[in-house]
Amino acid sequence: MFAVHLLAFYFTKLKEDQIKKVDRFLYDMRLSDDTLLDIMTRFRAEMEKGLGKDTNPTSCVKMLPTFVRAIPDGSEKGEFLALDLGGSKFRVLTVQVSEEGKPNVHMESQFYPTPMEIIRGNASELFDYVADCVADFMKTRNIEHKKLPLGLTFSFPCQQRKLEEGILLSWTKKFKVRGVQDTDVVSVLTKALKRHKDIDVDVLALVNDTVATMMTCAYDDPHCEVGVIIGTGTNACYMEDMSNIDLVEGDEGRMCINTEWGAFGDDGCLEDIRTDFDREIDLGSINPGKQLFEKMISGLYIGELVRLILLKMTKAGLLFRGEKSAALYTKGKIETQHVAAMEKYKEGLQNTREILMELGLEPSEGDCVAVQHVCTIVSFRSANLCAAALAAILTRLRENKKLVRLRTTVGMDGTLYKTHPQYPKRLHKVVRKLVPNCDVRFLLSESGSAKGAAMVTAVAARVQAQRKQIDEVLAMFQLTREHLVSVKTKMRAEMDYGLKKETQPLATVKMLPTYVCAMPDGTEKGKYLALDLGGTNFRVLLVKIRSGRRSVRMYNKIFAIPLEIMQGTGEELFDHIVQCIADFLDYMGIKGANSLPLGFTFSFPCQQTNLDKGMLVEWTKGFKATDCKGEDVVDMLREAVKRRNEFELDIVAIVNDTVGTMMTCGYEDPDCEIGLIAGTGSNVCYMEEMRNIELVEGNEGKMCINTEWGGFGDNGCLDKIRTQYDAEVDEGSLNPGKQRYEKMTSGMYLGEIVRQILIDLTKHGLLFRGQISERLRTRGIFETKFLSQIESDRLALLQVRRILQQLGLDSTCEDSIVVKEVCEAVSRRAAQLCGAGLAAIVEKRREDRNLEHLKITVGVDGTLYKLHPHFSRILRETVKELAPQCDVTFMLSEDGSGKGAALITAVAKRLHLKKDH
């Protein structure tokens, strides 16, 4: 028993001594955590350089765009051909992808040889041979009558400008086909396939093997967005944000980047960690100075590194008693499979002895321990270096997504990773240590290259089919110039109907006279009260106007109108309004003063028979106070003041908010003759020649007409451009069949149109993986403010996804792009329709004034115009295009409603004084 313990002690001591000896000899190959973090930083800097247009030429990490824009989402289906070309044999496959409740892939394949005369011949010989083999494969399986999309895995360096293109940069391995370099291999293959009239094959995608690995794993795990190969060579790819890729146009979505990380260090940035053995390997390679990172990592070089180390240690008398063998001098005699065998857990030492003896060496027990430790250091360094570069990619992904913690999957392939007994465990451990804020799953790719090409093709086919359907929906919202000219012409006709006594009752654009007959001229002065009622808040203002200097000062107080008052009796509503006025007068200390002239902004449809008379046509915006419809609201206010009997009011004018907007801007700019509101609702007013207004007596001068253009189209004249989504929004509204133009152009409805489109696209499986959330079913959930946020040029897709998540919509990157496109289509149409209507009005003003060229200003208010990032620009462009003889200036109204009411009152008082004199 004592002898056994003694032997164990001896062996342990021997092992420790041998390990220390190797550690001292290979000290430079041991990489500390700090060194690995430093390598991570260097690799990230190279990635950044590779992605930049100006810096890419000098970057050793080329970061090649692959034009793979999406990973599988599980809805892919169909039959595909795949072709894997890159070695002594190539493979043709059929890949059947089906859902059947869960994703399922069935593959059948056949290998074909690539004879030496073919891979050393010319382009037509190679691709005709490949096409012949594809035709043979299809006939053998009786599928030549089918039209099949094909994905090509082409494992040679290619420059891509689109998914179905690959310009060969250089042949590698044993291939030396003439006339292919610098040409598009997809187009050469397509021509060869077309020569076979009996088959119909469409090449949809060219991918490299790393991308194929990621796509294969992504089919099984949608979190997979990185692919890594550690085999004969090494490389990685990952999904990068388009906004970071200078080499490709467009900022939307993501694209897979093939890093080509094997060349990391070719610019000398890894010189401090390269050893003499690495330099010797490089000098003896077929491409000295190139792929330096790969030469420290991959299976093609690890065995040779071990051989060089063993040879040097033997020469130094540290191994085999200094006795060398011919095999130990022979390049390539130790392969990576030998390194893997020597590192096996239990039989590793035995394997080491056998391998060394095959090399003509006579190893001692200590030699075997030392050689095994050399293998460990070399392969561990390989795993460490891979881990540092991969950790850099994972950190970039996490930061792109602005996440504190990233959950992701890395698809893995390659013989070194698959066959080395310790490699995966070491790699995983170091990656997790370097990026503790990333939860990483490593997934082994099964038949990555070929299946991956089919998956890229399946995704491309799905995206192509989905794109077609999405484009068909978006096309419904695209208005041609002819459409817009037609809208302008019809708007003009409806305006003319609205102005005539006979046709006004049938006109959809009501053209209501406002009895505002003049614009401010700058001589207005005095103190005025203004009231602003148009929603759940009510404002009382004191407005002081100084003449000459065009200076206006305002003091205001906001009061809430409770729901029970909004929906109580008319008497209760107007008593509440008078109570608010009393509170304001107290607050300003002017309750006992002489009654001030007052303008009342009342943003509900009214029929006016004078400036201070307005019959309520109907309540909107949630108001339902009884006994008000058909009544003069000015009289109702006067009655309420009398009931209170505390103060008097001189009510001079009742105006709507559109007129208030025009007057506010008219005070600043005498050319302002039009007011536009593009907000929750939509409306326009303008100064019309009295001779054209048949509803009011008199032909002299002008009067402001409140068009109430929201009702345009209620007679069906816009049906050609109305969509099914407009119809759905209309049917679900409080006033079906009414205000159709407003429902296509205003903030109250645009979000709802978007929601209807999103539901329809989701039902067809084109969004949100076909899952309609309860939130998406909720009317009004998609507010117009979300359109403004989503369409902001400064907003990354990540923020779009966050907005959608707030709405309970778990969106992919591709979903976010589609949602943004839908928002853009809906808001663009709204702006164009507004622009076409406005063009009709400015053209009418030009013709009425008999001018060749009109200079006019439009006063504008409304949240849609003010806050949406593109609405105002598109509206202005449309007016310019449809009314080219009109020079239109758009002026934003500041505080239009209250100030406007005061100005109308001031103008009325000025005109009254003039009349009295």
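The preceding data block contains the structure.
Caption draft 1: The side chain of Asp367, seen in detail. Assignment of secondary structure puts Asp367 in helix α12 (residues 365-400). Buried within the structure, Asp367 lacks any salt-bridge partner; Arg321 is the closest side chain of opposite charge, at an N-O distance of 4.3 Å. Residues contacting Asp367, with those up to four places away along its chain left out, are Gln18, Leu319, Phe320, Arg321 and Glu362.

Caption draft 2: Geometry of the packing of helix α18 (residues 570-588) against helix α19 (residues 633-644). Where α18 meets α19, the closest approach of the two axes is 9 Å, and the angle between their N-to-C directions is 65°. Between α18 and α19 lies a crossing whose hand is right-handed. In this structure, α18 uses Gly570, Glu571, Phe574, Asp575, Ile577, Val578, Gln579, Ile581 and Ala582 to contact α19, whose residues at the interface are Val633, Met636, Leu637, Ala640, Val641, Arg643 and Arg644. Split into classes, the residues belonging to the contact of α18 with α19 amount to ten nonpolar, two polar and four charged.

Caption draft 3: Local environment of the environment of Thr457. Inspection of the secondary structure puts Thr457 in helix α15 (residues 448-475). Taking the relative accessible area as the measure of exposure, Thr457 reaches 0% and is therefore buried. Through-space distance from the C-alpha of Thr457 to that of Gly151 is 5.2 Å; in sequence the pair is 306 residues apart. Setting aside anything within four residues of it in sequence, one finds Thr457 in contact with Phe80, Pro149, Leu150, Gly151, Leu204 and Ala205.

Caption draft 4: Representation of the sheet that holds strand β13 (residues 438-444). The strand order β1-β11-β10-β9-β12-β13 describes an open sheet built from six strands, whose pairing is mixed. Looking at strand neighbours, the two that pair on one side only are β1 (64-65) and β13, the edges of this open sheet. Pairing of strand β12 (residues 406-413) with β13, which is carried by seven bridges, proceeds in the parallel orientation. Within the sheet, the bridge partner assigned to Leu406 lies in β13 and is Cys438. Sitting on the sheet, helix α6 (residues 209-220) touches β9 (224-230), β10 (234-241), β11 (254-258), β12 and β13, and the angle it makes with β9 is about 135°. The strands touched by α12 within the sheet are β9, β10, β11, β12 and β13, with β10 carrying the most contacts at an inclination of about 5°.

Caption draft 5: Spotlight on the nonpolar core. Residues Ile230, Trp261 and Leu427 are the most contacted members of the largest nonpolar core, which totals 118 residues. Looking at this core, the element that brings in the most residues is α12, giving 19 residues. Excluding its chain neighbours within four sequence positions, the residues that come into contact with Ile230 are Ile297, Cys386, Met412, Asp413, Gly414, Thr415, Leu416, Tyr417, Tyr423 and Leu427.

Caption draft 6: Highlighting helix α26 (residues 813-848). For α26, built from 36 residues, the straight-helix expectation of 52 Å at 1.5 Å per residue is met to within 8% by its first-to-last C-alpha distance of 53 Å. Counting buried residues along α26, 31 of its 36 residues qualify, which places the element largely inside the surrounding structure.

Caption draft 7: Representation of the sheet that holds strand β17 (residues 551-560) within the structure. Spatially, the five strands line up as an open sheet ordered β17-β16-β15-β18-β21, and their pairing is mixed. Every interior strand has two partners, whereas the edge strands, β17 and β21 (650-655), have only one. Pairs of neighbouring strands in the sheet enclose a mean axial angle of 20°, with direction left out of account. Bridge count between strand β15 (residues 526-533) and strand β16 (residues 537-546): eight bridges; the pairing is antiparallel. Bridged to Ala530 within β16 is Leu541. Contacting β15, β16, β17 and β18 (597-602), α18 runs over the sheet at an angle of about 130° to β17.

Cut-offs applied
Residues numbered from 1 in each chain as written. Predicted model: local features only at pLDDT ≥ 70, side-chain atom pairs only at ≥ 80, totals over all residues. Heavy atoms only, no water. Helix = DSSP H or I, 4+ residues; strand = E, 2+ residues; numbered from the N terminus. Buried < 20%, exposed > 50% of the residue type's maximum accessible area, 1.4 Å probe, protein only. Lys, Arg positive; Asp, Glu negative; His and termini not counted. Salt bridge = Lys/Arg side-chain N within 4 Å of Asp/Glu carboxyl O. Contact = heavy atoms within 4.5 Å. Axes fitted to C-alpha atoms, helices over the stretch in contact; angles between N-to-C directions. Left-handed = near helix turned anticlockwise from the far one by under 90°. Nonpolar A, V, L, I, M, F, W, Y, C, P; charged D, E, K, R; others polar. Pairing = 2+ DSSP bridges. Core = buried A, V, L, I, M, F, W, Y, C linked by side-chain atoms within 4.5 Å. Expected span 1.5 Å × (residues − 1).

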